[in-house]
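# Topology and contacts: notes
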Amino acid sequence: MKIIIHLNVKGILVIVITVLLLLSIIILFLNSNGLHKKNFVSENGIEGDYLIQQAADSEGILLWLHGDGAYEFKHPYSKEYLGGKNGIKAVAEEKNLTLIVPHTPSADTWWENGEDNAEYLIELISTFPEHQKVWISGFSGGAEITTYWLIEKLKRTDIKSGGVILFGGGGSPAAEGITDSLRKEDVIDGSFPITWFIGENDTGDSNDENPFNALAASKQGERFYRDQGWKTERIILKNYGHLLSENNIGMYGQLLDEMIP
């Protein structure tokens, strides 16, 4: 009887150890191959969460800034933006870029407290050793903070290459009274093109009290940056409005794949 009990206990221990090893492998796999959440606090005390998909041998960063409401951050596996075989996550993995998806510290919009939020983003980017190559991309409010406040702050980093790819927004900081001058040579030395993708019908909801006309804003933004010496391109997509998707599957990953070498 004693021998039988001894063998049963030994067998149970083997099973427990095997299960624990399998769980450890699964956790390591998920942490290295998927998005997981982290927290960051900037020097001025602004605190926020961000999602990260770390590339194994990262060649740079792909920063995705969500639109108003933070849908992308709250639904990271939705095929509208990040998820799916042609989503932003898949593009980052293919391009060997570490994907960073921050949530704005100011409610669910980037443009509220835009100056402080941009400061937060610059400090966050600078914590990553591979940040010398950065592709900044965002939708709607994420595009707005980029052209209004974030690009100007790039001069405080040692970014050498990358670019900006915007969807559904990205207006002129001069039109908003933020700055009248933002010469490219004063911000970054290397190649750093700025591209706008905008639906031809992205002129705002007429039922809104203050509709956001992203088509007009992007036109102003592209003109401002072009006049300041940046390489710019504005691509108008026929038959699309604010959302660039078909059957709840977004085009953002596909378009990023075409623009990022």
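Per chain, residues are indexed from 1 in the order of the written sequence. For a predicted model such as this one, the threshold for reporting local features is a pLDDT of at least 70, and the threshold for listing and counting side-chain atom pairs is 80 or more; totals across whole chains, interfaces and linings nevertheless cover every residue. As a rule here, side-chain values cover all heavy atoms of the structure and leave hydrogens and water aside.

### Here we look at the sheet that holds strand S8 (residues 232-237)
Within a sheet, each strand pairs with its neighbour through backbone hydrogen bonds, oriented either parallel or antiparallel. Two strands are said to pair when DSSP picks up at least two bridges between them. Starting at the N terminus, helices and strands are each numbered in turn, a helix being any DSSP run of H or I of at least four residues and a strand any DSSP run of E of at least two. Pairing within the open sheet is mixed, and its eight strands lie in the order S1-S2-S4-S3-S5-S6-S7-S8. Two strands close off the open sheet at either side, each with one partner strand: strand S1 (36-41) and S8. Put simply, the sheet's adjacent strands are angled 20° from each other on average, direction ignored. Where strand S7 (residues 194-199) lies against S8, six bridges are found, and the strand directions are parallel. Looking at S8, one finds that Trp196 is bridged to Arg234. Any pair of residues with heavy atoms lying within 4.5 Å of one another is described as a contacting pair. Fitted lines through C-alpha atoms serve as axes, helices being fitted only where they are in contact, and the angles separating the N-to-C directions of these axes extend from 0 to 180 degrees. Against the sheet, helix H5 (residues 141-153) makes contact with strand S3 (61-65), strand S5 (133-139), strand S6 (161-167) and S7, and its axis sits at roughly 130° relative to S5, the strand it touches most. Helix H7 (residues 252-259) contacts S3, S5, S6, S7 and S8 of the sheet and is inclined by roughly 150° relative to S6.

### Here we look at the side chain of Thr157
With respect to the helices and strands, the residue Thr157 is situated in the loop between H5 and S6. At a separation of 2.8 Å, a polar atom in the side chain of Thr157 contacts the main-chain carbonyl oxygen of Leu154. Thr157 has contacts with Ile122, Ser126 and His131, leaving out every residue within four places of it along the chain. Two N or O atoms count as a polar contact when they lie within 3.5 Å, although within protein this holds only if one can serve as hydrogen donor and the other as acceptor, and sequence-adjacent residues are included solely when both atoms are side-chain atoms.

### With respect to the confidence of the model for the protein
In the predicted model, the protein carries a mean pLDDT of 89, and 85% of its residues have values of at least 70. Contacts from residues 1-5, a stretch scored under 50 in pLDDT, to residues over four places away or in other chains number zero contacts. Per-residue confidence from the predictor is reported as pLDDT, a score between 0 and 100. Predicted confidence for residues 23-32 stays below pLDDT 50, and this span has two contacts to residues more than four positions away or in other chains.

### Looking at the packing of aromatic side chains
In summary, the pairing rule links any two rings of Phe, Tyr or Trp, Trp by its six-membered ring, whose centres are within 6.5 Å, and it sorts them by plane angle into stacked for under 30 degrees, edge-to-face for over 60 and tilted for everything else. Across all of its chains, the model carries 15 aromatic pairs by this definition. Relative to Phe139, the ring of Tyr81 lies with its centre 5.7 Å away and its plane at 45°, an arrangement referred to as tilted. Of this pair, Tyr81 sits in the loop between helix H2 (71-74) and helix H3 (88-94) while Phe139 sits in strand S5; the two residues are 58 residues apart in sequence, bridging distant segments of the chain. Think of it in three bands: with a 1.4 Å probe and only protein chains considered, a residue is buried below 20% of the maximum accessible area for its type, exposed above 50%, and partly exposed in between. Of the residues examined, Phe139 reaches a relative accessible area of 6% and is grouped as buried. One aromatic cluster is present, built from ring pairs that chain together Trp64, Tyr71, Tyr81, Phe139, Phe167, Phe197 and Tyr252.

### As for the environment of Ser126
As for its position among the elements, Ser126 is in helix H4 (residues 114-126). Judged by its relative accessible area of 34%, Ser126 is partly exposed. For Ser126 and Leu154, which are 28 residues apart along the polypeptide, the C-alpha to C-alpha distance reads 9.9 Å. Not counting residues within four places of it along the chain, the set of residues in contact with Ser126 comprises His131 and Thr157.

### Examining helix H6 (residues 214-227)
Here the expected span of a helix is defined as 1.5 Å times the quantity of residues minus one. Taking 1.5 Å per residue as the helical rise, H6 with its 14 residues ought to reach 20 Å, and the 20 Å between its terminal C-alpha atoms agrees with that figure. If you check which residues of H6 are buried, you get Ala214, Leu215, Ala217, Ser218, Gly221, Glu222, Phe224 and Tyr225. Taken together, the buried residues of H6 touch H5, S7 and S8. Here H6 starts with a cap whose side-chain oxygen sits 3.3 Å from the backbone nitrogen of Leu215, and that cap is Asn213. Gly229 lies just past H6 and shows a positive phi near 95°.

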